[in-house]
Amino acid sequence: MPQQSISDAFLAHEGIALFEYRGGSAFRPVGKIPDWCSSIWGARNGKSLELAEKSLFLETFLGEAEEFWKFKAPGKVESGSWTEQDSEGREIPLEASAVWLKGKRVLQVRNLSETFAQQQQLFQTARDSLLAHEQLMREIQKKEILLHCIIHDLSQPLTSMRACFDLLLGKDLDPAVAKFVNTGRAESQRQERMIREVLGAFSADLAGEKNLGQGVSASTNLIASAQRAVEQFAPAFAARGVQLVLAPNADSEFGWRVIADATRLDRIFGNLLENALRYSPRGSTVTVRVEGDRKALTALVIDQGPGLAKDATHDQLFALFSKGKDRPGKAGLGLYFCKMTVERWGGEIGAENRAEGGSRFWFRLPRSQQVSDAQPGGSAANPVKAQSSSNTESRQAEKSLRIVVADDDATIRELAIELLRARGHSVTDAADGPAALTAFDRTGPDVMLLDQQMPGMDGLEVARVIRQREEQAGAAPTRIVGLSGNASAEDERRSRDAGMDVLLGKPFERNMLFRAVERALETVPASTPASIAEVAPQEENLRAHLLHMTGGNEKLMRKLVAGFLADLPAKLSAIRRAVSKKDADELAAAAHSLRGAIATFNAQKAVAATRNLETMGRTQHLENVPEEFRTLSDDLVRLKRDLRALYPDASSQAKRRGAS
Amino acid sequence: MLQKKVCMLGSFAVGKTSLVRRFVESIFDEKYHTTIGVKVDKKIVEVEGEKITLVLWDIHGEDVFQKLHMTYLRGMFGYLLVVDPTRRQTLDDALSLQERVQREMGSIPCIVILNKCDLAAEWEIDHDRISALETSQTTTRTSAKTGEGVDEAFLSLAKAMLDAPS
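So, a few notes on the structure that sits alongside this text. No experiment lies behind these values; they were computed from the predicted model shown.

Turning to the overall build of chain A, a few remarks are in order. Looking only at helices and strands, one finds 22 helices and 18 strands in chain A. Counting across all 660 residues of chain A, residues that qualify as buried make up 41%. Taking all contacts inside chain A whose residues are at least 6 apart in sequence as the whole, residues at least 24 apart take part in 66%.

So, in structure tokens, the structure goes:
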């Protein structure tokens, strides 16, 4: 085979066409012209070709190639890939390079069809995957926002409710009133459980987000919403020593209705107030004001805090997951939600510093023209002042503990501090991770109460550092209680891994807090972490349960215990007698009677045993009665021991009562 | 007749190819076909009575797989910087690309295209940011799908190129 043919065969095999540059835009083919080259440009063997005129791409590349040839630079210059259409409309991917060969200016054009399809498929798949991933991330983020908003939304009133109930239970209440307060408190707990259950069941597939962004045509009273928010937040502000005032509005004839959904409007006020409280120093005042003109109404939340950071832009302030620098919120969703919602209602939102100090957050909504308000601003005529935080918890812990409470949420921190101090503990507070560590070093506490999410250093990291230090110093482990707004199994695992002893969900119930903290009175090795269930209401210790039951009324508690201990022998004897006589009806009646008494003391095993005994009696099936009776007796022995340990005097009262 | 090279720049999947196809062939394909390298097309437009051939360089979107060859931009008179506002990152990428182009090529007429305006409800770029962009740069909202704003964007760039000092 002639030499030329081998070269041609090789070039054809490689999909390469060679041209010698002749100046201008003319090129002369070198060797045999490949078919694809003829099909695209009409090139013919041996015939010079105005290639730069036939290809818009090569026209541009020629400038670069000429420069390369002109300077006789070593190597080659490459064009990058491009696509041309052949005579049948097929797209042919090509790549060109300019080289010097044997003193000739040569343009090499390579047909990439063979590798291109594979590369195209690879890139297509990769980019499709990237787009799908981005889309998925957006969907997840939407759901995350919704989930956070729900937690944020529903937990907020619960925190205030808890604070109110706890403050009330600290007072010397009439037993009848305490019963109502306890009912309210129990209901708030029930609501919290339900929220968690609902979130647990539906968090993976929340269907409601589509409704989140929809506008509303509802008409809502702006002043009434402001007042609800002020009333709701008054206890939280009181606990922080901050006065909360709803400024009176002189024009009572004015229509105060705006285009907004009432629930979300309440939440906007709530978020702005929560934000103001976070930054307000003790002794300062936060004022809520509502004003308006013919077209729109404006609500303002004015604080006397440090003001906005100089470099804080509107975008940053209201951005998703935006957090303040010094005392940030929990998830950076509050202000984002406000902006998102206000804008969807056709309004606007903003914030600025005041000349006299502090900041002013405002939002403006279009006035509703449809409905005039019968009592505009009527309820706003009297400023609502926050109640003083003079509550004291009368019941003291058995031993005063040194406790560090570290949480960047001022409301939660203040509430915990108030309750723990009233309980007789010595408390140091810290607003972030580094401050918590400083407090740990300075006070050598018995207990560290650490929020999982804090600025600077989160609670998990603080716990790890503490455990390291203890190990290095050979010191006894400090009890570390984690705090989390979303105490999931994953949170529990992370807290355990970080060295925490127990994780307490927020908002917490007073007795759960005491129980979690006061385990430090017992010997609980750090290596055996407790689960969330350790502080769950159903397993509260007896004292906490009784406190709960009686609203903290010691007298009532003693009376209950004494009465129970006095009556128990007789009730138990009645069952024993029925068992011994194998009298099914008597057994059912006696078990029923005892169950009512022991249910008060949260003795779950004993309650279950009496229920079973009653059922056995009613159904005349007595085969398993001895075994059930033993279970009942055992648990009652424990209950009696616990009650006597708690109230030795109640025990002696019972004896006297039993004797009389 | 005047001939001006125009480059389509922007991240992948923002709709550069679709805009060119809509402008040149008046067609739109829902399916995303990734571009590798460059596709060159042209269309004659008339601006203020003057006919111009726009040579449209539809350049692949930049990502981890393909970096932009600055050599593709050689001889460019103007460019359309395409953003997909349903993907926030594409604006950041576009502005960063614009900086590189200005560094390499100096100040060249540019129109920022906010594409996919038929999906305005799904835009995730903040309203204020878009307003700021529209104030500071020549910006056009387009939809390759419906054709909205597409011709205007190319004609606006053609005029800017004519008006630009040569």
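Turning next to the packing of helix 1 (residues 16-25) of chain B against helix 4 (residues 150-163) of chain B. All names here are of chain B. Where helix 1 contacts helix 4, the axes come no closer than 9 Å and their chain directions differ by 90°. In this view, helix 1 runs roughly perpendicular relative to helix 4, as classed from their interaxial angle. Contacts between helix 1 and helix 4 pair L19, R22 and F23 from the former with V150, D151 and F154 from the latter. Looking at side-chain class alone, the contact of helix 1 with helix 4 contains four nonpolar, no polar and two charged residues.

Quick look at the sheet that holds strand 11 (residues 296-302) of chain A now. All names here are of chain A. Read across the sheet, five strands follow the order 8-10-11-13-12 without closing on themselves; strand pairing throughout is mixed. The strands lining the two open edges of the sheet, one partner per strand, are strand 8 (243-246) and strand 12 (348-353). Across the sheet, the mean angle separating the axes of adjacent strands is 15° when strand polarity is ignored. Here strand 12 runs beside strand 13 (residues 359-366); their pairing, made up of six bridges, is antiparallel. Counterpart to A351 in the pairing with strand 13 is F361.

Let us look at unusual backbone geometry. In this structure, A:K102 is a non-glycine residue whose phi angle is positive, near 50°. Looking at where A:K102 falls in the secondary structure, it is placed in the loop between strand 5 (91-101) and strand 6 (104-111). A count of 5 C-beta atoms within 10 Å places A:K102 in the exposed class. In this structure, B:K116 is a non-glycine residue whose phi angle is positive, near 65°. Along the chain, the position of B:K116 falls in the loop between strand 5 (110-114) and helix 3 (127-136). Residue B:K116 is classed as buried on the basis of its C-beta count, with 24 C-beta atoms lying within 10 Å.

Residues and elements named next belong to chain A. Spatially, 15-14-16-17-18 is the arrangement adopted by the five strands of the open sheet, whose pairing is parallel. In this open sheet, the two edge strands, each paired with only one partner strand, are strand 15 (426-430) and strand 18 (502-505). The sheet shows a mean angle of 20° between the axes of neighbouring strands, taken without regard to direction. Of the pairings in the sheet, the one linking strand 14 (residues 402-406) to strand 16 (residues 447-451) comprises four bridges and is parallel in character. Note on strand 16: the bridge partner recorded for I403 is V447. Running at roughly 170° to strand 14, helix 13 (residues 433-443) makes contact with strand 14, strand 15 and strand 16 of the sheet. Here helix 16 (residues 510-518) sits on the sheet and contacts strand 14, strand 16, strand 17 (479-484) and strand 18; the angle it forms with strand 18, its principal contact strand, is near 165°.

All right, on to the interface of chain B and chain A then. Opposite the 22 residues of chain B that make contact, chain A presents 22 residues. Mapped by element, the contributors of at least two residues to the side of chain B that touches chain A are strand 2 (38-47) and helix 3 of chain B. For the side of chain B that touches chain A, the leading source of residues is strand 2 of chain B, giving four residues. Taken together, the residues of the side of chain B that touches chain A sort by class into nine nonpolar, five polar and eight charged. Bridge count between strand 4 (residues 76-85) of chain A and strand 2 of chain B: two bridges; the pairing is parallel. Residue A:W82 lies in a different strand from strand 2 of chain B, and its bridge partner there is B:V38.

Looking along a regular strand, one sees side chains alternate from face to face of the sheet. Across the two faces of strand 2 (residues 26-30) of chain A the burial differs, with A:F27 and A:P29 buried and A:A26, A:R28 and A:V30 not buried at all. Turn length for the strand 1 (residues 16-23) of chain A-strand 2 of chain A hairpin, with the two strands adjacent in sequence and antiparallel, is two residues, and the turn residue A:G24 shows positive phi of about 65°.

Counting 93 residues, the largest nonpolar core has A:A226, A:V404, A:A436, A:L449 and A:V517 as its most contacted members. In terms of residue count, helix 8 (residues 222-240) of chain A provides more of this core than any other element does, 12 residues in total. Look past the residues within four positions of A:A226 in its chain and what remains in contact with it is A:L246, A:F269, A:V288, A:V290 and A:A299. One finds A:I33, A:W82, B:V83 and B:V112 within the second-largest nonpolar core, a separate group that totals 69 residues.

The next thing to look at is helix 11 (residues 334-344) of chain A. Residue and element names in this part refer to chain A. In terms of burial, helix 11 is a largely internal element, eight of the 11 residues being buried. For helix 11, the complete set of buried residues consists of G334, L335, Y336, F337, C338, K339, T341 and V342. Positive phi appears at G346, one or two residues downstream of helix 11, with a value of about 85°.

With that settled, consider the packing of helix 9 (residues 262-279) of chain A against helix 11 of chain A. Residues and elements named next belong to chain A. It is at 9 Å that the axes of helix 9 and helix 11 come closest, and there the two elements cross at 145°. Relative to helix 11, the crossing made by helix 9 is left-handed. In this structure, helix 9 uses R264, I268, N271, L272, E274 and N275 to contact helix 11, whose residues at the interface are G334, L335, F337, C338, T341 and V342. Here the residues of the contact of helix 9 with helix 11 sort into six nonpolar, four polar and two charged.

Now for the pairing of strand 14 of chain A. Residues and elements named next belong to chain A. Most of strand 14 is tucked away, with four of its five residues classed as buried. Here strand 14 pairs with strand 15 via five bridges, running parallel. Looking at strand 15, one finds that A406 is bridged to A430.

Cut-off values and rules
Residues numbered from 1 in each chain as written. Chains lettered and ligands numbered in written order. Predicted model: local features only at pLDDT ≥ 70, side-chain atom pairs only at ≥ 80, totals over all residues. Helix = DSSP H or I, 4+ residues; strand = E, 2+ residues; numbered from the N terminus. Buried ≥ 20, exposed ≤ 12 C-beta atoms within 10 Å, placed from the backbone. Contact = placed C-beta atoms within 7 Å. Axes fitted to C-alpha atoms, helices over the stretch in contact; angles between N-to-C directions. Parallel < 35°, antiparallel > 145°, perpendicular 65-115°, else oblique. Nonpolar A, V, L, I, M, F, W, Y, C, P; charged D, E, K, R; others polar. Pairing = 2+ DSSP bridges. Core = buried A, V, L, I, M, F, W, Y, C linked by C-beta atoms within 7 Å. Left-handed = near helix turned anticlockwise from the far one by under 90°.

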